[in-house]
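Fold and contact review
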Amino acid sequence: MDIRSQFPILKREVYGKPLVYLDNTATSQTPRRVVDEIERMYFTTKANVHRGVFSISQEATDLQEQARERVRQFINARSTKEIIFTRGTTEAINLVAASYGDLMENGDEIILTVMEHHANIVPWQLLGRHKRIILRVVPIRPDGSLDMEAYRSLINERTRLVSVCHVSNVLGTVNPVKEIIAEAHSRSIPVMIDGAQAVSHMKVDVQDLDADFYAFSSHKMYGPTGVGVLYGRERLLNIMPPYQGGGEMIDHVTFERTTWAELPFKFEAGTPDFVGIAAYQKGIDFIEETTIDRIAAVEHDLLEYTSAKMVEIPGMHIYGSAPGKAAIISFNVEGVHHYDLGMLLDKQGVAVRTGHHCAQPLMHALGIEGCVRASFAVYNTRDEADRFLTALNRALPLLQ
Ligand code: PMP
């Protein structure tokens, strides 16, 4: 089936111009089958999960647990006990920071990188409210790749965790996470990977990577909003205290003492977004039917095609040129404010992101306040890339 026709939003117009949606890093669009499943669930199968003996509650529970198995297969986890549903990447990282962080002590160190999204910075800072946790930050090289020598030199006997993004949401850099993990493991240090920008663009196998924690969001992978996943190594999840308390996560409750449910439910307090989780399966279906290889090939072609034309524009500065980078082009044009450019592109129907992209420390390291970001998904086309380039060439003379 044709890819674009599965995404009704791609037919809409903005200011009378066809929408060219290039903010896929922030969220991807949703194929009809996902929304159909949400509607079907609400109209036929809305009953709380893991509670009722009645049929539709069983059906809803089965759908949620099927989705868990689907996610397990998708990232090749060993067991569904290692798949915890969250609200998104942000909540998944907060879970690890609060719960695994609970096991840390004053003076312990965590290694991050300068290219992290705020979601992989602030939760670790919050941990520092209760104890003295030192954050060590790996710098980048001029092409936006990670300085691996600096990484190695930051590991020491106080390092308790390494937490890095798989793919930078600004530079597009694909970090050598397998190497990062092997290095940390040689010193018995666990590694958390923020996979928000990776899972829908490349094959991710958590066993092959040997990751200890891996976080991602459904809404960036053609699924519904409000659903995310934390993969965690069973051995670590077992020693971690619960993150939130409430229904679903208990075994037995008295006012004196409460015991926890088995994994993964120990970390899933309250009613989950079981409708979203069921529909998330359809997003994964879309990725698997389209195939990651095809997604990667289309995105890579658009990245090469568009970047080659952009570098010809006088005053153009693109941030991030690491080999094998993802289809994310962050840029500024000399003398032009990123916000003004974003507005003029929008007037021509082109949706790009402007600002600091939730990566203020990276903006600081790059010596900028913000930039424009165009990012591609599998439904984008060369024709759309041309429309973006035309809009850019029309807007720039008005601003320079
Ligand atoms: N990490 C990275 C690298 C991201 O790009 C994003 C989303 N922009 C997040 C974390 C946060 O994801 P969410 O808002 O879905 O929790």
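Residues numbered from 1 in each chain as written. Predicted model: local features only at pLDDT ≥ 70, side-chain atom pairs only at ≥ 80, totals over all residues. Heavy atoms only, no water.

Considering helix α6 (residues 177–185)
Stated precisely, the cut-off is as follows: Burial status follows relative accessibility: with a 1.4 Å probe on protein chains alone, a residue under 20% of its type maximum counts as buried, one over 50% as exposed, and anything between as partly exposed. A run of H or I in DSSP counts as a helix once it spans at least four residues, and a run of E counts as a strand once it spans at least two, with each numbered from the N terminus. The arc in question is traced by the directions running from the helix axis to the C-beta atoms. For this analysis, residues touch if any pair of their heavy atoms sits within 4.5 Å.
Buried within α6 are the following residues: Val 177, Ile 180, Ile 181 and Ala 184. Looking straight down α6, one finds its buried side chains confined to an arc of 95°; they lie on one side. If you follow the buried residues of α6, they end up packed against α5 (148–154), β7 (159–165), β8 (191–194) and α7 (206–209).

Re the pattern of salt bridges
A pair can form between side chains of opposite charge whenever their charged atoms are brought close. Basically, it comes down to this: Whenever a carboxyl oxygen of Asp or Glu lies within 4 Å of a side-chain nitrogen of Lys or Arg, that contact is scored as a salt bridge.
Enumeration over the complete set of coordinates arrives at 23 salt bridges. The closest approach of N and O atoms between Arg 68 and Glu 65, which form a salt bridge, is 2.7 Å. With Arg 68 and Glu 65 both in helix α2 (residues 55–75), this residue pair falls three residues apart, about one helical turn. Arg 78 is paired through a salt bridge with Glu 82; the nearest N and O atoms lie 3.5 Å apart. What makes Arg 78 partly exposed here is its relative accessible area of 40%. The network of salt bridges with common partners includes Asp 23, Arg 353 and Arg 373.

As for the site of the ligand
Condition: Distances are taken per atom, and a residue is near a molecule or strand as soon as one of its heavy atoms is within 4 Å of it. In protein, a polar contact means a hydrogen-donor-capable atom and an acceptor-capable atom, both N or O and within 3.5 Å, with residues adjacent in sequence counting only if both atoms are side-chain atoms; elsewhere, any N or O pair within 3.5 Å suffices. The protein chains shown are the only cover counted for residues, whose accessible areas, like all others here, come from Shrake-Rupley with a 1.4 Å probe.
Lining the immediate environment of the ligand, one finds Thr 89, Thr 90, His 117, Ala 119, Asn 169, Asp 194, Ala 196, Gln 197, Ser 217, His 219 and Lys 220. Separating an oxygen atom of the ligand from a side-chain N or O atom of His 219 is a distance of 2.7 Å. Here the ligand, which alone exposes 390 Å², has 85% of that area covered by the protein.

A few points about the nonpolar core
Our working definition: Buried Ala, Val, Leu, Ile, Met, Phe, Trp, Tyr and Cys residues that are joined via side-chain atoms within 4.5 Å together make up what is termed a nonpolar core.
Core analysis: the largest hydrophobic core is formed by 66 residues, its most contacted members being Ile 75, Tyr 151, Val 162, Tyr 214, Phe 216 and Tyr 280. Looking at this core element by element, the count peaks at five residues for helix α9 (residues 274–290). Those residues in contact with Tyr 214 that sit more than four places away from it in its chain are His 166, Ile 193, Gly 195, Ala 198, Val 199, Val 204, Val 206, Leu 209, Val 229, Leu 230 and Tyr 231.

Description of the sheet that holds strand β16 (residues 353–355)
Heads up, the condition is: Two strands pair if DSSP finds at least two bridges between them. Axis geometry follows a simple rule: fit a line to the C-alpha atoms, using only the stretch in contact for helices, then measure angles between N-to-C directions, giving values from 0 to 180 degrees.
Spatially, the four strands line up as an open sheet ordered β13-β14-β17-β16, and their pairing is antiparallel. Where the open sheet ends on each side, the last strands, each with one partner, are β13 (316–319) and β16. Strand-to-strand twist of the sheet, defined as the mean angle between neighbouring strand axes without regard to direction, takes the value 30°. Sheet topology note: the β16/strand β17 (residues 371–375) ladder contains three bridges and is antiparallel. In the sheet register, Arg 353 faces β17, and the bridge partner there is Arg 373. Contacting β13 and β14 (328–333), helix α10 (residues 292–310) runs over the sheet at an angle of about 10° to β14. Contacts from helix α11 (residues 338–347) reach β14, β16 and β17 within the one sheet, and its direction differs from that of β16 by about 160°.

Describing the pairing of β8
Selection criterion: Crossovers are described as right-handed under a simple rule: with the strands pointing away from the observer, the path leading from the first strand over the helix to the second runs clockwise.
Residues of β8 alternate between two faces, with Val 191 and Ile 193 on one and Met 192 and Asp 194 on the opposite face, all of them buried. In the classification by handedness, the crossover that spans β7, the intervening α6 and the parallel β8 is right-handed. Where β8 meets strand β9 (residues 213–217), three bridges bridge the pair, whose relative direction is parallel. For Asp 194, the partnering residue across the bridge sits in β9 and is Ala 215.

Regarding helix α13 (residues 382–399)
Quick reminder of the rule: Multiply 1.5 Å by the residue count of a helix minus one, and that product is the helix's expected span.
Here α13 contains 18 residues, and its C-alpha end-to-end distance of 26 Å stays within 8% of the 26 Å for a straight helix at 1.5 Å per residue. Taken together, the buried positions of α13 are Glu 384, Ala 385, Phe 388, Leu 389, Ala 391, Leu 392, Ala 395 and Leu 396. Projected down its long axis, α13 shows its buried positions confined to an angular sector of 165°, all on one face. Turned more than 90 degrees from where α13 packs its buried face, Arg 394, Pro 397 and Leu 398 sit exposed.

Comments concerning the side chain of Lys 266
Here Lys 266 lies in the loop between β12 (258–260) and α9. Side-chain polar atoms of Lys 266 contact the backbone oxygen of Met 240, separated by 2.7 Å. Contact partners of Lys 266, with chain neighbours within four places excluded, come to Leu 237, Asn 238, Met 240, Pro 241, Pro 242, Met 249, Trp 260 and Ala 261.

That's the geometry; what it means functionally is another story.
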